[in-house]
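Overview (structure and organization)
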Amino acid sequence: MSVTSARVTRLRERLQRDGLDALLVSGPENRRYVSGFTGTAGSVLVTAADRQWFITDFRYVDQAKAQCQGFEIVNQGSSYTDALANLLRSAGVKRLGFEQDILTYGEVERLRVLERDADVELVPTSGMVEALRQVKDEEEIRCIERAAEIADAAFKHMLEWLRPGVTEAEVALELETTMRRLGASGAAFTTIIASGVRSSLPHGVASDKVIERGDLVTLDFGAVYEGYCSDLTRTVVVGPPSERQLEIYQIVLEAERAALAAARPGMTGKALDAVARDLIASRGYGEAFGHSLGHGIGLAIHEDPRVSRLGEEVLQPGMVVTIEPGIYLSGWGGVRIEDDIVLTEQGARILTHSPKDELIQVG
Ligand code: ZN
Ligand code: ZN
């Protein structure tokens, strides 16, 4: 049985449980997960019974035939909704789920024609395929691990390369091209390079600011390998660090280590978040850690489960999440340290291995 057919089987079980006759899968990562299709246009239609189609236009028909094992490939021709209506009628679908968090209002409006043409009821669904994606199989973990190795190797290069006088944008460019040279298909998200006072911006995308001696520099970046993302953050200092920089770094490091050591299946994302948050709060910086401890990674850079104050989901073996506490002091700067872990029966295995035991000096 192919990987995707196992996924279709699990999706079918979910459809039957939710009383849907079929689901229209439109989100790019969901579509890829269910069908194996890596292109940029097309949708998957899976019935609760035994049919599965990949619907696309002429540009992608050959690619879909090559990639979507076990799927009937449908060329939508001049009308996507006419093609859909035919399939729905042929399978006797009455209740059709669509992905409400992915389709635009306009796209849902266009599907309304199916109510008349195929006599279906359109049922909004949320997170059906995303729920399946949370627990990774061995092949997925292997891809994330490779993406993590690429990020680690790129960071190693940056430690040699980074020096005062270069701009954040130049650092981001060097980092991204290095990851590409190492085999990444691209960056997993817009690279964050935040230096000096800008390091207090948790999402400070690389700017034209010149990096100077004395700056903390936060590098938050990731590689994509075979569609799967890694996500790594290290904070370094340019030249000798100040006492305060060392102190803040040590607190974040301690919080990160505590969370890495505590992570195990059976606990909620919320409980894991609290391990790091409580430690940072006990040192007087609770207000300065204003974001979640982590998030799932996979085909998307942010996916379930949440590792945050809102993370009610129980962690399970095979989930891959980030651990990324930080302290951000407006007008001064900030520190974040982030690693990727896979939950195992025993606890957690760390996938990223860049050095962090002390605040690294560059330049
Ligand atoms: Zn990150
Ligand atoms: Zn992250």
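Residues numbered from 1 in each chain as written. Chains lettered and ligands numbered in written order. Predicted model: local features only at pLDDT ≥ 70, side-chain atom pairs only at ≥ 80, totals over all residues. Heavy atoms only, no water.

The next thing to look at is the coordination of the zinc ion (ligand 2). The coordination sphere of the zinc ion (ligand 2), as far as protein atoms go, consists of Asp-231 (OD), His-295 (NE2), Glu-324 (OE) and Glu-338 (OE), spread over 2.1 to 2.2 Å. Taken together, the 4 donor atoms coordinating the zinc ion (ligand 2) span angles of 76 to 152° at the metal, a pattern that classifies the geometry as irregular. Mapping the donors of the zinc ion (ligand 2) onto the primary sequence yields the spacing D-x63-H-x28-E-x13-E. (Donors = N, O, S within 2.8 Å, 3.2 Å for Na, K, Ca; no water. Tetrahedral: all angles 85-135°; square planar, octahedral: opposite > 155°, others 65-115°.)

Turning next to the packing of aromatic side chains. Here the structure, examined in full by the defined rule, presents 2 aromatic pairs. Where Phe-37 meets Phe-54, the ring centres are 4.4 Å apart and the plane angle is 50°; that geometry is what we call tilted. You can see Phe-37 sitting in the loop between helix H2 (28-35) and strand S2 (43-47) and its partner Phe-54 sitting in strand S3 (residues 52-56), a full 17 residues away along the chain. The two residues Phe-37 and Phe-54 agree in class, both being buried. Considering the side-chain rings of Phe-37 and Tyr-60, the 5.8 Å spacing of their centres and the 85° angle between planes classify their relative orientation as edge-to-face. (Phe/Tyr/Trp six-rings, centres within 6.5 Å; stacked < 30°, edge-to-face > 60°. Helix = DSSP H or I, 4+ residues; strand = E, 2+ residues; numbered from the N terminus. Buried < 20%, exposed > 50% of the residue type's maximum accessible area, 1.4 Å probe, protein only.)

Before going further, it helps to spend a moment on the environment of Arg-306. Position of Arg-306 relative to the elements: it lies in strand S14 (residues 303-307). In this structure the C-alpha to C-alpha distance between Arg-306 and Asp-273, which are 33 residues apart in sequence, comes to 9.3 Å.

The next subject is the sheet that holds strand S9 (residues 216-221). Taken in spatial order, the 4 strands of this open sheet run S8-S9-S12-S20, and their pairing is mixed. Of all strands in the sheet, those with a lone pairing partner are strand S8 (192-195) and strand S20 (360-362), marking the two edges. Pairwise comparison of adjacent strand axes, ignoring direction, gives a mean angle of 30° for this sheet. Pairing of S9 with strand S12 (residues 232-238), which is carried by 6 bridges, proceeds in the antiparallel orientation. Bridging from a neighbouring strand, Leu-216 pairs with Val-237 of S12. Helix H9 (residues 168-181) rests against S8 and S9 of the sheet, and its axis sits at about 145° to S8. (Pairing = 2+ DSSP bridges. Axes fitted to C-alpha atoms, helices over the stretch in contact; angles between N-to-C directions. Contact = heavy atoms within 4.5 Å.)

Right, let's get into the environment of Glu-212. Summarising the element assignment, Glu-212 is placed in the loop between S8 and S9. On the accessibility criterion, Glu-212 (47% relative accessible area) is partly exposed. In this structure, the C-alpha to C-alpha distance between Glu-212 and Ala-223, residues 11 residues apart in sequence, is 27 Å. In contact with Glu-212, not counting residues within four places along its chain, are Pro-164 and Val-238.

Turning our attention to the domain arrangement of the protein. Per the domain assignment, the segments making up the protein are domain 1 (3-133) and domain 2 (138-362). One C-alpha centre belongs to domain 1, the other to domain 2, and the line joining them spans 35 Å. Taken together, the contacts link 5 residues of domain 1 with 7 residues of domain 2. By the criterion of area lost to domain 2, the three top residues of domain 1 are Glu-29, Arg-32 and Arg-133, representing 68% of everything that side buries. Our count for the contact surface shared by domain 1 and domain 2 stands at 2 salt bridges. Residues Arg-7 and Glu-140 are paired through a salt bridge, measuring 3.8 Å at the closest nitrogen-oxygen approach. Counting every contact that joins domain 1 to domain 2 gives 2 residue pairs in polar contact (both at pLDDT 80 or more). The element that contributes the greatest number of residues to the side of domain 1 that touches domain 2 is H2, accounting for 3 residues. By residue class, the composition of the side of domain 1 that touches domain 2 is 1 nonpolar, no polar and 4 charged. (Domains from an automatic or database assignment. Buried area = accessible area lost by both parts, 1.4 Å probe. Salt bridge = Lys/Arg side-chain N within 4 Å of Asp/Glu carboxyl O. Polar contact = N/O pair within 3.5 Å; in protein donor to acceptor, adjacent residues only side chain to side chain. Nonpolar A, V, L, I, M, F, W, Y, C, P; charged D, E, K, R; others polar.)

Let us now look at the coordination of the zinc ion (ligand 1). Protein-derived ligands of the zinc ion (ligand 1) are Asp-220 (OD), Asp-220 (OD), Asp-231 (OD) and Glu-338 (OE), with the metal-ligand distances lying across 2.0 to 2.7 Å. Motif for the zinc ion (ligand 1), donor spacing along one chain: D-x10-D-x106-E. The metal-metal distance between the zinc ion (ligand 1) and the zinc ion (ligand 2) is 3.1 Å, with Asp-231 coordinating both. Of this pair, Asp-220 sits in strand S9 while Asp-231 sits in the loop between strand S11 (228-229) and S12; the two residues are 11 residues apart in sequence, bridging distant segments of the chain. A residue is classified by how much of its surface remains accessible, and Asp-220, at 3% relative accessible area, is buried.

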